[in-house]
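Listed below, chain by chain, are the residues.
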Amino acid sequence: MTSDQFAVFTCDAGERVDPLFVSVLLWSTAPPTVRIVHSGQACNVEEERYSERVYTIKEGETLELQCLVTGHPRPQIRWTKTAGGASDRQGDSTLLNETLKITNISRHLGGRYYCKAENGLGSPAIRSIRVDVYYLDDPMITVHQSVGESKEHFYFERTVFLRCVANSNPPVHYTWRRGREALTQGSDAGVEIYEPFFTQGETKILKLKNLRPQDYAKYTCISSVRSVCGIGDKSAHFILNNRTAPPSIKLLLDDPLIVNPGETITLVCVASGGDPPPTLEWVRQGGEELPKKSVVNGGTLTIPGITVDDGGSYSCVASNNVGNPAKKSTTILVRGLRKGRFWITPDPYHNDDNIQIGREVKISCQVEATPPEELQFSWLKNGRPLRSSERMVITHTDIDITPGTTNLDIIDLKFTDFGTYTCVASLRNGGTPEISIDVNISSTTVPPELSVPRGRSNLIAQEGDTVDLQCLVSGKPKPIILWSRVEESGAAAAAAATVILMPDGLEQTESYDGVLRISNVTREMSGTYRCQTSQYNGFNVKPREALIQLVVQFPPTVEPVYTEIRQALGRAFSLTCRLLRAHPARLLRYEWKLGSRLLTVGQFSDQRDDTSYLVKALNREGYGEYTCDITNEAGAGRCTFLVTGKAYAPEFYYDTYSALWQNRPRVYGFKLQWTQMEPNSVDRILAYRLGIRQMGQSRWWEQEIPMEGTIQKGELLTYNLTELIKPESYLVRLTPITRYGEGDATDRIITYSAPVNPHLREFQCGFEDEAVCLFSQDKTDVFDWTRHSAATRNTKYTPNTGPSSDHAGSKQGFYMYIETSRPRLEEDKARLLSPTFNMNSKISSSVTNNPTYCFAFYYHMYGKHIGALNVFLRQKGQTVTDTSVWSLIGNQGDRWRQAKVNIHPTAAFQMVMEGVRGGGIEGDIAIDDVTIEEGECKDPPPNNLRSLAPPSSPHIWQLCVTLSLALIGRQR
């Protein structure tokens, strides 16, 4: 295609016309509208009465929904999902796209999907569709039996229940067979089939009363969803005999099982009863996974190299779908010692925390042990065994108390008692190393003291630094230091229940050297920190503590961080940089620059939190990047303003009526329309650069479209593209040009679409496609026509009315009908509008005869309350007129009939189908297979009530560009 191929076009009449540029002064902005259509693998799309549309799809198929929007500027589209009426947070999905596509859809993705379109005008437009995912799982048969004793008659009655369960959507239908015999309620006196009222169709129970020999047989449960969505039936089998019994098991091991770390253990579970033979499974308590290195072989579980973390409760579960599963558990105890701690308690009868000659002192040692009953302690003094005596009293807590604790009470401390005492913890049967804890008692054993180094109580750091908080601890033995954060005094009451976490996310952090290091400190870490001595691994006395205040300085936070400002030459404007927060917030300075050129400097007052710079008259040198730096001791925050004269991007208008036309067989034309975003914010737009590229190719053709005068906001601009090759698509780029230069460009893709009927000789619509051949609902009527198929129609709701199939006799085929059930009232009207058809533009004014077309359709008017079906010809000339061309009243029987009528439009026209509700609910009216053909109707049926005389007719689909009123203003 050459550059001039879209610069000119030729009409069918043969005249050569210059490229058409039109500007229509319209406020073309419009709030969004939205509708949802489907193009995926739906089983059915049903219009539910008065509520929502339902899209039915088989699990595993592809869901594809398209959100069709109108509105200018082009609305932003967002897909969201809820499930069961409540937000599905785990699967909450948001998609910013016109098409929602889910491949291999699963059942949990069913629910209500919303399409929301908004463009800042009016309220957002929202439409929803409920996706119903159909599936059928394999059924499962479980067997239960009851044995009742009747002493008066000295016999046992044995009743067996076979329960069939299958997960499905829609609800499953069950069928039972015994061998090849179909079982139904009443077919056998010894068999009862019922559905528990509380299960809502989820199960079907076969009850065999007072079990008989013939009841020992093979039973089959067939689950079915009646082949909806092509889902086939599924079945399960169970053989009932006189050996059928629930499972029983036994464990071939000790309970509890006590093992040493690193050993390989084997848990053996065997079935001791049950028919059919049960399956065995090992599980851990609480649903925890089995150890990764474990090996399961039937009822045998082997765990090599067992660790402490592998200990706990293990259960063997046996099931054979008869009765309840059998379960037996055992506990594995892995020997181990951990968390050894000690503390020294001074004489409790004295207020002094020091250890002194002649007073009592107690040394305590604590260890967690598994199993706790094997824990044993021993004491050493200076490496020699120590036994309990009158002055050295050794006690242990009960073995049932964990963790285990041992105490050494030294009564009347003497100088000879000074030394190193060792607490040794071990397990009676070994298997794990012992734990030894040394405690030194001497004249230098003193309680701890805590302090903060001079000048370190108030620390100032800058964001991003590494800071060390330090507490000096003295005493022997030196205790562990616990760090925590302290609630600020002013907020303590308001947040009494709130715990401020440490930077590592814990409530407390241990330190063995008294130093808390915080890397990459942030402003949120400012506050008061407490260091205190622990009451373990040290003296068991009141904790010593100290406080450190940390202040984190950070540079000013400002807004806007970056913004673009578009201005025309000669205009005045102001730039403002706002301070949001800073620490310290004093002695703040600001500095304005244009590029590297300093404009002004200053200092903030206490009353201001922003600074502004005024440009009195913008010149060419005034374009560029303006920066404002606000600084404090910690650094600077910067506002950046890019001042430019670039024009904003144009906004393509996507709702052009009949934008695409065909005037020759191999080419097509397209009416390109757009508005200019904020045209008055910059200099006058002098021209647009139009670029066009055929999709799949790299070469661009460009052309300038000159502009005269000033473009107004909301002004709709039009340029006709011609000589586009069918069926190619094109990428179009539009760039505004001012004296500053080129502005922002906008792209859109133009896609060729064939007419509704590809033969171009007639219009046909059977309503099989969800787009319903571009038919639309009249927004001024009382209610709407509904697209439906007989396969999904709820005949229980409105019996004795409506069709049982479409016109072709298919129950899967679609038609349009009016639903006259509640809340519809008598004389309520529903109007369905056809697409608008344009008249042939090449008809000269000398032609006096009007064209004739045959409008035909099939109707179904069955029911004792049928109202009326009316057809109007709506012509769109200088005014819109509706002319009645056909009408029929009352019950016409349970069959489809055809109506034909000749119409003689003189302007663009639509056909209006009006259904009127009669006196009751049995008044559904349906239509199907609508056609418009050239020429007179042939053999119109007798119920064709109105017809107009036919003159000769031109081709209904022959189109040429209509030069409308806008051509007067700007044709070049």
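A brief structural summary. Since the structure is predicted, the reported quantities are computational estimates derived from the model, not experimental observations. (Residues numbered from 1 in each chain as written. Predicted model: local features only at pLDDT ≥ 70, side-chain atom pairs only at ≥ 80, totals over all residues. Heavy atoms only, no water.)

## Focus on the sheet that holds strand 29 (residues 326–334)
The mixed open sheet is built from 4 strands, whose spatial order is 23-29-28-25. Across the chains shown, the open sheet's two edge strands, defined by having one partner strand only, are strand 23 (257–259) and strand 25 (279–284). Neighbour-to-neighbour, the strand axes of this sheet turn through a mean angle of 25°, independent of strand direction. Note: strand 25 against strand 28 (residues 312–319), 6 bridges, orientation antiparallel. Residue pairing for strand 28: Val 283 is matched across the bridge by Ser 315. (Pairing = 2+ DSSP bridges. Helix = DSSP H or I, 4+ residues; strand = E, 2+ residues; numbered from the N terminus. Axes fitted to C-alpha atoms, helices over the stretch in contact; angles between N-to-C directions.)

## Focus on the pairing of strand 29
Where strand 23 meets strand 29, 3 bridges bridge the pair, whose relative direction is parallel. Paired with Ile 258 across the bridge in strand 29 is Leu 333. Bridging between strand 28 and strand 29 involves 7 bridges; their strand directions are antiparallel. Looking at the pairing, Val 317 lines up with Lys 327 of strand 29. Counting the residues between successive antiparallel strands, the hairpin from strand 28 to strand 29 contains 6 residues, one of them, Asn 321, with a positive phi of roughly 65°.

## Here's the deal with the packing of aromatic side chains
The final tally for this structure, using the stated rule, is 19 aromatic pairs. Ring centres of Phe 857 and Tyr 859 lie 6.2 Å apart, and the angle between their planes is 55°; on these two criteria the pair is classed as tilted. Take Phe 857 and Tyr 859: they sit in the same class, and that class is buried. Here the aromatic cluster, defined as three or more aromatic residues joined through ring pairs, consists of Phe 763, Phe 767, Phe 775, Phe 837, Tyr 853 and Phe 909. Taking the ring centre of Tyr 536 as reference, the NZ or CZ of Arg 341 above it sits at 4.0 Å. Here the basic side chain of Arg 748 rests over the ring of Phe 652, its NZ or CZ set 5.9 Å away from the ring centre. (Phe/Tyr/Trp six-rings, centres within 6.5 Å; stacked < 30°, edge-to-face > 60°. Buried < 20%, exposed > 50% of the residue type's maximum accessible area, 1.4 Å probe, protein only. Lys NZ or Arg CZ within 6 Å of the ring centre and 35° of its normal.)

## Quick word on the nonpolar core
Phe 855 and Phe 857 are the most contacted members of the largest nonpolar core, which has 35 residues in total. Among the elements that line this core, the one with the most residues is strand 69 (residues 853–861), at 5 residues. Excluding residues that lie within four positions of it along the chain, Phe 855 makes contacts with Val 871, Ala 899, Lys 900, Val 901, Ile 903, Met 911, Met 913, Val 930, Thr 931, Ile 932 and Cys 937. Grouped together as the second largest cluster of nonpolar side chains are 29 residues, Phe 342, Ala 369, Met 392 and Cys 423 included. (Core = buried A, V, L, I, M, F, W, Y, C linked by side-chain atoms within 4.5 Å. Contact = heavy atoms within 4.5 Å.)

## Considering the state of the cysteines
Throughout the structure, instances matching the rule amount to 8 disulfides. Here Cys 471 pairs with Cys 531 through a disulfide, and the sulfurs are 1.9 Å apart. Taking the sign of the S-S torsion, -85° for the link of Cys 471 and Cys 531, the bridge is left-handed. Of the two residues, Cys 471 is situated in the loop between strand 40 (467–470) and strand 41 (472–476) and Cys 531 in strand 45 (residues 527–533); the sequence distance between them amounts to 60 residues. Paired through a disulfide, Cys 854 and Cys 937 show a sulfur-sulfur distance of 2.0 Å. Handedness here is read from the sign of the S-S torsion; for Cys 854 and Cys 937, about 110°, the answer is right-handed. Here Cys 854, found in strand 69, pairs with Cys 937, found in the loop between strand 74 (925–934) and helix 1 (967–970); they are 83 residues apart in sequence, far enough to count as distant. (Disulfide = S-S within 2.5 Å.)

## With respect to the sheet that holds strand 27 (residues 300–303)
Backbone hydrogen bonds hold the strands of a sheet together, and the pairing may be parallel or antiparallel. Strand order in this open sheet of 4 strands is 22-24-27-26, and the pairing throughout is antiparallel. The two strands at the open ends of the sheet, each matched to only one other strand, are strand 22 (245–251) and strand 26 (295–297). Within the sheet, the average angular offset between the axes of one strand and its neighbour, ignoring direction, is 15°. The sheet contact formed by strand 22 and strand 24 (residues 265–275) spans 5 bridges and is antiparallel.

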